[in-house]
Amino acid sequence: MDFNSAIDLTKAILQPVEFPEPLPVKVFIKRLDLVHPYVSGNKWFKQKYNLMFAREEGYDTLLTFGGAYSNHVHATAAAGKEFGFNTIGMIRGEEHLPLNPTLQFATEQGMQLHYVNRSDYRKKHLPEFAEWIYSKFGKVYIVPEGGTNQLAIKGAAEIPALIETDFDYITSACGTAGTISGVICGLNGAKQALGFAVLRGAAFLNKNAEQNIFEFTGKTFSNWSINLDYHFGGYAKINRELILFIRQIEEINEIILDPVYTGKMLYGVYDLARKGFFCEGKTIVALHTGGQQGIAGMKAHMNEVLSTHI
Ligand SMILES: *Cc1c(COP(=O)(O)O)cnc(C)c1O
């Protein structure tokens, strides 16, 4: 399957967002989650040039890493199926059967799963680990956890040009900060980019972004920052306020946010806006980076949080 014809960028509409209380700014959401049913959101942009490179270099297998609920693992499995690569997922932790919906989907796409204990998983970036992978699996194209590398930055740099309105701010949830790094490169110094870290204690993301940006452009920019205040306790941690916000946004706008990434990011935009962080009348474009696949795995926990913390 040809890379560009599989993806429909015209589906990534720009949608106005209404909030539970009126804000002094205009907010739109760019629906990158709609570009493909499975290779969705920012993951398509991060994978595109990696897939092209892997094909050009004659690789027939992609190997990557992630947790058991990883959007990146899910998207890699789907991309492999769609574009004719075998896929191997190195999953952190032990096997739990029955498989959760993310890993069930991945195996249905043909992904081979291998479980890596937590201490080995921490060594996955070391050259010895790569050697072990090559000795075990042969010639495979290794994509890092979260999918961030320079080819991913190149893909994400194409996002700002897709936005069909004038805007002042562009915002994105940050896991590795690969997406926001690419967006900042694409802005090339114009407008403002604002990332929202979804992990606790994520000051290192600023360094990572700076390095990604410099490697890609040879420049540094000052029109961006990564906010560290809306992680809600840490990666995949949630509370009642976040869940209620996500439900309100769905009710008012029919936009589905996930509680791990896009829910936290849009809550951050909302909260900063009502506290006067943005000048009155500014236009903010929030990226819907996908992640809906992960909701199934969080449903029970979300209901539990809603019923116990009253
Ligand atoms: C992976 C992911 C992110 C984080 O992207 P990074 O490039 O790692 O910062 C944001 N939102 C969603 C929905 C994701 O799946």
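These figures come from a predicted structure and were not determined experimentally.

So, the pattern of salt bridges
Then step 1. Going through the model one piece at a time under the given rule, you end up with eleven salt bridges.
Then step 2. Among the salt bridges present, the one from D166 reaches K191, with a minimum N-O distance of 2.9 Å. Here D166 is found in the loop between helix 6 (150-156) and strand 7 (169-174), whereas its partner K191 is found in the loop between helix 7 (178-187) and strand 8 (192-197), with 25 residues between them in sequence.
Then step 3. For D166, a relative accessible area of 58% translates into the label exposed.
Then step 4. Each of the salt bridges in this network shares a partner with another, and the network as a whole consists of E21, D271, R274 and K275.

Examining the packing of helix 9 (residues 240-253) against helix 10 (residues 262-274)
Then step 1. Where helix 9 meets helix 10, the axes come as close as 10 Å, and the angle between the chain directions of the two elements is 85 degrees. It follows that helix 9 is roughly perpendicular to helix 10 by the angle criterion. Of helix 10, the residues touching helix 9 (which contributes E241, L242, F245, I246 and I249) are G263, K264, L266, Y267 and Y270.
Then step 2. Classifying every residue of the contact of helix 9 with helix 10 by side-chain character gives seven nonpolar, one polar and two charged.

Comments concerning the packing of aromatic side chains
Then step 1. Going through the model one piece at a time under the given rule, you end up with 19 aromatic pairs.
Then step 2. With a centroid separation of 5.7 Å and an interplanar angle of 50 degrees, the aromatic rings of F53 and Y141 are classed as tilted. You can see F53 sitting in helix 1 (residues 42-56) and its partner Y141 sitting in strand 6 (residues 141-142), a full 88 residues away along the chain.
Then step 3. For Y141, a relative accessible area of 9% puts it in the buried group.
Then step 4. Note on F232 and Y267: the rings are 5.2 Å apart at their centroids and 80 degrees apart in plane angle, and the pair reads as edge-to-face. Here F232, found in the loop between strand 9 (224-227) and helix 9, pairs with Y267, found in helix 10; they are 35 residues apart in sequence, far enough to count as distant. Residues F232 and Y267 agree in their burial class; the two are buried.
Then step 5. The structure contains a cluster of three or more aromatic residues connected by ring pairs, namely F19, F196, Y230, F232, F245, Y267 and Y270.
Then step 6. Sitting over the face of the ring of Y121, R92 holds its NZ or CZ atom 5.5 Å from the ring centroid.

Considering the domain arrangement of the chain
Then step 1. Along its sequence, the chain is organised into domain 1 (4-40 + 150-307) and domain 2 (42-147).
Then step 2. For domain 1 versus domain 2, the distance between C-alpha centres works out to 24 Å.
Then step 3. Residue-level contacts link 28 residues of domain 1 with 27 residues of domain 2.
Then step 4. Taken over both partners, the interface formed by domain 1 and domain 2 buries close to 2300 Å², and the fraction arising from carbon and sulfur atoms is 63%.
Then step 5. Counting across the interface, domain 1 meets domain 2 through nine residue pairs in polar contact (both at pLDDT 80 or more).
Then step 6. For the side of domain 1 that touches domain 2, the secondary-structure elements that each account for two or more residues are helix 6, helix 7 and helix 11 (295-308).
Then step 7. Per-class residue counts for the side of domain 1 that touches domain 2 are 14 nonpolar, twelve polar and two charged.

Thoughts on unusual backbone geometry
As a rule of thumb, non-glycine residues mostly have phi less than zero, and peptide bonds are mostly trans rather than cis.
Then step 1. In this structure, the amide linkage connecting L97 to the following residue, P98, adopts the cis form with an omega of -5 degrees.
Then step 2. In the Ramachandran plot, N188 falls in the positive-phi region, its phi being about 50 degrees despite a non-glycine side chain.
Then step 3. For N188, the position within the fold is in the loop between helix 7 and strand 8.
Then step 4. Here N188 falls in the partly exposed class, since its relative accessible area comes to 46%.

Things to note about helix 8 (residues 204-217)
Then step 1. With 14 residues, helix 8 extends 20 Å from end C-alpha to end C-alpha; this agrees with the ideal 20 Å at 1.5 Å per step.
Then step 2. If you check which residues of helix 8 are buried, you get L205, A209, N212 and I213. With its buried residues spanning 95 degrees around the axis, helix 8 presents them on a single face.
Then step 3. Among the structural elements, helix 6, strand 7, helix 7, strand 8 and strand 9 are those in contact with the buried residues of helix 8.

What to know about the site of the ligand
Then step 1. Neighbouring the ligand are 15 residues; K43, K46, T176, T179 and T289 lie closest to it.
Then step 2. Interatomic distance of 2.7 Å between a side-chain N/O atom of N71 and an oxygen atom of the ligand.
Then step 3. With respect to the ligand, the backbone of G178 contributes an N or O atom lying 3.4 Å from an oxygen atom.
Then step 4. Contributing elements (two or more residues each) for the shell around the ligand: helix 1, strand 7 and helix 7.
Then step 5. Element by element, the count of residues in the shell around the ligand is highest for helix 1, at three residues.
Then step 6. Considered class by class, the residues forming the shell around the ligand number four nonpolar, nine polar and two charged.

Rules used in this analysis
- Residues numbered from 1 in each chain as written.
- Predicted model: local features only at pLDDT ≥ 70, side-chain atom pairs only at ≥ 80, totals over all residues.
- Heavy atoms only, no water.
- Salt bridge = Lys/Arg side-chain N within 4 Å of Asp/Glu carboxyl O.
- Helix = DSSP H or I, 4+ residues; strand = E, 2+ residues; numbered from the N terminus.
- Buried < 20%, exposed > 50% of the residue type's maximum accessible area, 1.4 Å probe, protein only.
- Axes fitted to C-alpha atoms, helices over the stretch in contact; angles between N-to-C directions.
- Parallel < 35°, antiparallel > 145°, perpendicular 65-115°, else oblique.
- Contact = heavy atoms within 4.5 Å.
- Nonpolar A, V, L, I, M, F, W, Y, C, P; charged D, E, K, R; others polar.
- Phe/Tyr/Trp six-rings, centres within 6.5 Å; stacked < 30°, edge-to-face > 60°.
- Lys NZ or Arg CZ within 6 Å of the ring centre and 35° of its normal.
- Domains from an automatic or database assignment.
- Buried area = accessible area lost by both parts, 1.4 Å probe.
- Polar contact = N/O pair within 3.5 Å; in protein donor to acceptor, adjacent residues only side chain to side chain.
- Expected span 1.5 Å × (residues − 1).
- Arc of directions from axis to C-beta.
- Near = heavy atom within 4 Å.

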